[in-house]
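Residue-level structure breakdown
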Amino acid sequence: MTSPLSFKYIAATLSLLLLVFNANAQVVRFSEASEAQLQPRKRVIGTLKAFNQANVASVESGKVVKVLVNEGDVVVKGDVLAILDTRRLDAEKQRLQAEKMLADANLALAKAEFTQAEEDYLAYKQSAQKSAVSKQRLNQSKTLTIANQARVIAATQAIKALSAQLNALQVRIDDMSIRAPFDGQVTNRLAELGQWLGSGDHAFTLTSLNKLEAWLDVPERFAFLAGQAPNEIALQIGDELVQAGNIKVLNSVDERARTFRVIGQVNGNGLMPGMSVSAWLPEGKPRTTLIVPKDALVNRGGNYLVYKVVLQGDKQIAQPISVNVQFHQGDKVAVYAPQLAPTDKVITEGNERLMPGPVVAVADTSNGNQQHLK
């Protein structure tokens, strides 16, 4: 016969084991699988490219006297990247400025002489009416007035010519400073201190940041997109879903690959040119499809699974279910999984390192599920 003390010992042991079991249970969040009428979509792949990428070249020839940026530096439009030697151009500018000052003085003198000659001519003209001066003297005065007027015109044109030369020279001096043509990051620097750069020589590579383009290689059977391109396309880049806008379709099919290009603009931090991108384009008629939240998917060596919450007695257990991904649409994923049914609870948070076993499952309110497992 078992003593009361033995019963107490057994009860305490069971309580301790239950506490240990509950302590080992993993806390996760769940949402529900569901069905929806969706248009099937086909996955296409592509690459992210910089919206702007330029080999910034030197417009003028000259020796590099300053390099103000290095690879990795972020610049804004108009920032000076490097400066070339401007001493010869500065000397030419000083010479032209001196010539212009002389031309200004000549113009002032020509205007004064023209004014005096014009006044003399008018006086002689009045005197000639009274026969006080000869006709020859009147004609000489008239000729002098016209000559002085011509000098004013010539001096004015000389100043305009010198001003044009100074403006052109100032443009050349400004071009001795190599500037960023747009906001971006310096991804390559070729200009070195003391180096001679010729006109058109590549000095820097500048790549725009946070504004990218997704270039998708689309099979020719999607040619209908050329006439009805969508406003936006959902893209998957790694584990991220982003939207591409301002969609453009290039109406030319590659004869070898039998694909054409679809380009969309993407804004996003943490994305870089050269990254692989995929998109899901509509194909076929809508059909009833089993869908799960994107966050429910777990990638195991290239194969996808979801963790389904099942009840075993009074315990909640995480059971891995293999799924075949059909297509993505927004934050939902259409899947084929015979072991998964609508309203089944699938884990959406805490599933990355989850091992099959006991869980404490709480409804994922971010997915619109307000239910709690009992």
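An account of the accompanying structure is given in this report.

1. Thoughts on the overall build of the protein chain
- From N to C terminus, the protein chain includes 3 helices and 23 strands.
- Viewed in the frame of its principal axes, the protein chain has a C-alpha envelope of about 160 × 55 × 45 Å.
- Looking at the protein chain alone, contacts between residues at least 24 apart form 75% of all its contacts between residues at least 6 apart.
- Of the side-chain charges in the protein chain, 41 are positive and 36 negative, and the distance between the mean point of each set is 3 Å.

2. A look at the sheet that holds strand 10 (residues 196–197)
- The antiparallel open sheet is built from 4 strands, whose spatial order is 8-7-5-10. The open sheet is flanked by strand 8 (177–179) and strand 10, the only strands paired with a single partner.
- In this structure, strand 7 (residues 80–84) lies alongside strand 8, joined through 3 bridges in antiparallel fashion. Within the sheet, the bridge partner assigned to valine 80 lies in strand 8 and is arginine 179.

3. What to know about the sheet that holds strand 6 (residues 74–75)
- Ordered by their spatial adjacency, 4 strands build an open sheet running 4-11-9-6, and the pairing between neighbours is antiparallel. Because the sheet does not close on itself, it has two edges, and the strands there are strand 4 (53–57) and strand 6.
- As judged from the 5 bridges shared by strand 4 and strand 11 (residues 202–207), these two strands associate in the antiparallel manner. Residue alanine 57 lies in a different strand from strand 11, and its bridge partner there is histidine 202.

4. Here's the deal with the environment of glutamate 352
- Within the secondary structure layout, glutamate 352 lies in the loop between strand 22 (345–349) and strand 23 (357–363).
- Expressed as a C-alpha distance, the spacing of glutamate 352 and alanine 154, which sit 198 residues apart in the sequence, is 85 Å.

5. Details of the pattern of salt bridges
- On inspection of all chains with the given rule, the structure shows 15 salt bridges.
- In this structure, lysine 100 and aspartate 104 form a salt bridge, with 3.4 Å as the shortest nitrogen-oxygen distance. Pair noted here: lysine 100 and aspartate 104 are both in helix 2 (residues 87–129), with a separation of 4 residues, about one helical turn.
- Here aspartate 314 makes a salt bridge to lysine 315, at a shortest N to O gap of 3.7 Å.
- Given the relative accessible area of 69%, aspartate 314 is considered exposed.

6. Comments concerning the pairing of strand 1 (residues 26–32)
- Strand direction decides the pairing type here: strand 1 and strand 23, joined by 5 bridges, are parallel. For valine 28, the partnering residue across the bridge sits in strand 23 and is alanine 361.
- Alignment of strand 1 against strand 22, held across 4 bridges, turns out to be antiparallel. Among the inter-strand pairings, phenylalanine 30 is bridged to a residue of strand 22, identified as isoleucine 347.

7. Side note on the pairing of strand 17 (residues 287–293)
- Where burial is concerned, most of strand 17 is hidden: 5 out of the 7 residues are buried.
- As paired elements, strand 2 (residues 34–38) and strand 17 share 5 bridges and run antiparallel to each other. Residue serine 34 lies in a different strand from strand 17, and its bridge partner there is isoleucine 291.
- With 4 bridges joining them, strand 17 and strand 21 (residues 332–336) adopt antiparallel strand pairing. Looking at strand 21, one finds that valine 292 is bridged to valine 333.

8. Description of the nonpolar core
- Core analysis: the biggest nonpolar cluster contains 30 residues, and Val75, Leu81, Ile178, Leu197, Phe204 and Leu206 have the highest contact counts within it.
- Elements with a minimum of two residues in this core: strand 7, helix 2, helix 3 (135–175) and strand 11.
- Top contributing element to this core by residue count: helix 3, with 7 residues.
- Residues Leu48, Phe222, Val249 and Ala279 belong to the second largest nonpolar core, which totals 22 residues.

9. Describing unusual backbone geometry
- Although it is not a glycine, serine 131 adopts a positive phi angle of roughly 60°.
- By the element assignment, serine 131 lies in the loop between helix 2 and helix 3.

10. Comments concerning the environment of valine 186
- By the secondary structure assignment, valine 186 is in strand 9 (residues 184–189).
- On the basis of relative accessible area, valine 186 is assigned to the buried category, the value being 1%.

11. Quick notes on helix 3
- Helix length check: helix 3, at 41 residues, gives a terminal C-alpha distance of 60 Å against a target of 60 Å (1.5 Å per residue), a fit within 8%.
- Buried residues along helix 3 sit in contact with helix 2 and strand 8.

12. A closer look at the side chain of threonine 259
- Tracing the backbone shows threonine 259 in strand 15 (residues 259–267).
- Excluding its chain neighbours within four sequence positions, the residues that come into contact with threonine 259 are Asp217, Val218, Pro219, Glu220, Ser252, Val253 and Asp254.

13. Remarks on the packing of helix 2 against helix 3
- At a minimum axis separation of 7 Å, helix 2 and helix 3 run at an interaxial angle of 160°. When the interaxial angle is binned, helix 2 and helix 3 end up roughly antiparallel. Helix-helix and strand crossings are classified by hand; for helix 2 and helix 3 the assignment is left-handed.
- Of the residues in the contact of helix 2 with helix 3, the class split is 20 nonpolar, 10 polar and 15 charged.

Analysis parameters
Residues numbered from 1 in each chain as written. Predicted model: local features only at pLDDT ≥ 70, side-chain atom pairs only at ≥ 80, totals over all residues. Heavy atoms only, no water. Helix = DSSP H or I, 4+ residues; strand = E, 2+ residues; numbered from the N terminus. Contact = heavy atoms within 4.5 Å. Lys, Arg positive; Asp, Glu negative; His and termini not counted. Charge placed at Lys NZ, Arg CZ, Asp CG, Glu CD. Pairing = 2+ DSSP bridges. Salt bridge = Lys/Arg side-chain N within 4 Å of Asp/Glu carboxyl O. Buried < 20%, exposed > 50% of the residue type's maximum accessible area, 1.4 Å probe, protein only. Core = buried A, V, L, I, M, F, W, Y, C linked by side-chain atoms within 4.5 Å. Expected span 1.5 Å × (residues − 1). Axes fitted to C-alpha atoms, helices over the stretch in contact; angles between N-to-C directions. Parallel < 35°, antiparallel > 145°, perpendicular 65-115°, else oblique. Left-handed = near helix turned anticlockwise from the far one by under 90°. Nonpolar A, V, L, I, M, F, W, Y, C, P; charged D, E, K, R; others polar.

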